[in-house]
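What follows is each chain in one-letter form.
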Amino acid sequence: MPRSVNHVASKARRKKILKAAKGYFGRRKNVWTVAKNAVEKGWQYSYRDRKAKKRDFRKLWIQRINAGARQHGMSYSQLMGNLKKSNIDLNRKVLADLAMNHPEAFEAIVNKVK
């Protein structure tokens with residue numbers, strides 16, 4: 001009996017990878033083995049960086065809040081501690097936005113917790 005090979009599924013798998021490699025340079029976009037390696041590496045990076053993105057934004061927000069707090073004579077840790085004691089529940093994303101784009105509102109918050 002002849003060997004049965006599921007060409008439909010294997011072709012679909014290859015097509016999916018080559019579609020994901022669209023826009024890559026050189027052989028990475030059209031040679032199966034090279035494209036497969038490049039796409040899988042790209043997926044690894046995207047998985048890792050979805051986690052890193054959250055860390056990076058938190059770091060950025062903390063820096064912005066710290067800069068805003070120091071303009072009003074407080075450190076970041078003092079500000080966050082006083083916010084906690086005052087039961088003001090604003091997350092770092094909102095505080096950083098206020099410090100950057102609405103300094104008068106941020107100043108009001110700082111004066112309230114001093």
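Worth saying up front: this structure is predicted, and the values here are computed from it rather than measured.

**Quick notes on a positive patch on the surface**
Taken together, the side chains of K11, K15, K19 and K22 define a basic patch exposed on the protein surface. By secondary structure assignment, the location of K19 is in helix α1 (residues 7-20).

**A few points about unusual backbone geometry**
In terms of backbone geometry, most residues other than glycine have negative phi values and most peptide bonds are trans. Within the chain, N87 stands out as a residue other than glycine whose phi angle is a positive 55 degrees. You can see N87 is positioned in the loop between α3 (76-85) and α4 (92-101).

**Thoughts on the packing of α4 against helix α5 (residues 103-113)**
It is the contact of α4 with α5, at a shortest axis distance of 6 Å, that shows an interaxial angle of 120 degrees. Between α4 and α5, the interaxial angle falls into the category oblique. Contacts from L95, L98, A99, M100 and N101 in α4 reach P103, A105, F106 and I109 in α5. Here the residues of the contact of α4 with α5 sort into 8 nonpolar, 1 polar and no charged.

**Focus on the nonpolar core**
Formed by 15 residues in total, the largest nonpolar core has its most connected members in I65, M74, L79, L83, L95 and F106. Sorting the residues of this core by element identifies α2 (32-71), α3, α4 and α5 as the ones contributing at least two each. Apart from residues no more than four positions distant in its own chain, F106 is found in contact with I65, G68, A69, H72, L79, L95, L98 and A99.

**A few points about the packing of aromatic side chains**
This structure, assessed with the given rule, holds 1 aromatic pair. Between F57 and W61, the ring centres sit 5.9 Å apart and the planes meet at 40 degrees, which makes this aromatic pair tilted. Highlighted residues: F57 and W61, both in helix α2, separated by 4 residues, approximately one helical turn. The exposure class assigned to F57 is partly exposed, which follows from its relative accessible area of 38%. The residue whose ring lies beneath R14 is W32, and the NZ or CZ to ring-centre distance is 5.4 Å. K51 extends its terminal NZ or CZ atom over the ring of Y47, reaching a point 4.3 Å from the ring centre.

**Quick look at α5**
Within the span of α5, buried status applies to F106, I109, V110 and V113. Down the axis of α5, the buried side of the element spans an arc of 95 degrees, and every buried residue falls inside it. The exposed residues of α5 that point more than 90 degrees off its buried face are E104 and K112. Structurally, α5 contributes buried residues whose contacts are with α2, α3 and α4.

Thresholds, definitions, all that
Residues numbered from 1 in each chain as written. Predicted model: local features only at pLDDT ≥ 70, side-chain atom pairs only at ≥ 80, totals over all residues. Heavy atoms only, no water. Patch = residues over 30% accessible without salt bridge, like charges linked within 9 Å, V, L, I, M, F, W, Y side chains within 5 Å. Areas by Shrake-Rupley, 256 points an atom, 1.4 Å probe, with all protein chains shown as cover. Salt bridge = Lys/Arg side-chain N within 4 Å of Asp/Glu carboxyl O. Lys, Arg positive; Asp, Glu negative; His and termini not counted. Charge placed at Lys NZ, Arg CZ, Asp CG, Glu CD. Helix = DSSP H or I, 4+ residues; strand = E, 2+ residues; numbered from the N terminus. Axes fitted to C-alpha atoms, helices over the stretch in contact; angles between N-to-C directions. Parallel < 35°, antiparallel > 145°, perpendicular 65-115°, else oblique. Contact = heavy atoms within 4.5 Å. Nonpolar A, V, L, I, M, F, W, Y, C, P; charged D, E, K, R; others polar. Core = buried A, V, L, I, M, F, W, Y, C linked by side-chain atoms within 4.5 Å. Buried < 20%, exposed > 50% of the residue type's maximum accessible area, 1.4 Å probe, protein only. Phe/Tyr/Trp six-rings, centres within 6.5 Å; stacked < 30°, edge-to-face > 60°. Lys NZ or Arg CZ within 6 Å of the ring centre and 35° of its normal. Arc of directions from axis to C-beta.

Without other data, these values stay purely geometric and don't point to any function.
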